[in-house]
Amino acid sequence: MTVREILKMGDPRLLRVAQPVTQFDSDELHLLITDLLDTMHAADGAGLAAPQIGVDLQVVIFGSGLPNPRYPQAPLVPRTVLINPTITPLADADGLVTELEDWEGCLSVPGLRGKVPRFARIRYTGFDPFGDPLTRVVEGFHARVVQHECDHLIGKLYPMRVRDFSQFGFTEVLFPGLDAPADD
Ligand code: NI
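This is a predicted model, so every value here is computed, not measured.

## So, the coordination of the nickel ion
Between any two of four tetrahedral donors, the ideal angle at the metal is 109.5 degrees; between two of six octahedral donors, it is 90 or 180 degrees.
Part 1 of the argument: The coordination sphere of the nickel ion, as far as protein atoms go, consists of Cys 106 (SG), His 148 (NE2) and His 152 (NE2), spread over 2.1 to 2.3 Å.
Part 2 of the argument: Written as a sequence motif, the donor residues of the nickel ion are C-x41-H-x3-H. You can see Cys 106 sitting in the loop between strand 4 (99-104) and strand 5 (112-119) and its partner His 148 sitting in helix 2 (residues 140-151), a full 42 residues away along the chain.
Part 3 of the argument: For Cys 106, a relative accessible area of 3% gives the class buried.
Part 4 of the argument: The exposure class of His 148 is buried, given its relative accessible area of 8%.

Have a look at this one:
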């Protein structure tokens, strides 16, 4: 088990556009994924992207299939490893592509939360660690988590997506009494 250091906002390695994975099912890739999982679980994160531990590759993990203590009200998201992802916004039943705003935090931006607009419904595609293709159509919290994690692969941290900075602040001030770790 290797819990890696999570880079914090301000580190230029979080601003890179990550490189695609070209070798699947390699020892190096499986080791990276184990480190990401160990690091995410140690921090009670909803997801983690390889650039957050300083690895310049298009690999994200999210979900656990279990309730998350930092997001206890959130619907369950299956544990997923997603490599070289692409995201396509999808229309709702009325034929409209809509965005929803909701609160986000990030392990690279500890102690803060902000309201971030995200596409309400998306298709995401990519590959699993063995190079097998993965495609899902998701909405709501699941769609939000995927968009947040994949943003890390293009050098975007959620504060860069905040539109209304009256909806951005310290977790302990915004949500007093919320049972969340101080390091977010
Ligand atoms: Ni993040």
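The rest of the description comes next.
## Points about the packing of aromatic side chains
Part 1 of the argument: For the coordinates displayed, the defined rule picks out five aromatic pairs.
Part 2 of the argument: An angle of 80 degrees between the planes, with centres 5.9 Å apart, marks the rings of Phe 62 and Tyr 124 as edge-to-face. Here Tyr 124 lies in strand 6 (residues 121-127) and Phe 62 lies in strand 2 (residues 59-62), a separation of 62 residues in the sequence.
Part 3 of the argument: Considering the side-chain rings of Trp 103 and Phe 175, the 5.2 Å spacing of their centres and the 85 degrees angle between planes classify their relative orientation as edge-to-face. Of this pair, Trp 103 sits in strand 4 while Phe 175 sits in the segment after helix 3 (171-174), and the two are 72 residues apart along the sequence.
Part 4 of the argument: On the accessibility criterion, Trp 103 (22% relative accessible area) is partly exposed.
Part 5 of the argument: Classification of Phe 175 as partly exposed rests on a relative accessible area of 26%.
Part 6 of the argument: Through a chain of ring-to-ring contacts, the aromatic side chains of Tyr 158, Phe 165 and Phe 168 assemble into a single cluster.

Cut-offs and rules
Residues numbered from 1 in each chain as written. Predicted model: local features only at pLDDT ≥ 70, side-chain atom pairs only at ≥ 80, totals over all residues. Heavy atoms only, no water. Donors = N, O, S within 2.8 Å, 3.2 Å for Na, K, Ca; no water. Helix = DSSP H or I, 4+ residues; strand = E, 2+ residues; numbered from the N terminus. Buried < 20%, exposed > 50% of the residue type's maximum accessible area, 1.4 Å probe, protein only. Phe/Tyr/Trp six-rings, centres within 6.5 Å; stacked < 30°, edge-to-face > 60°.

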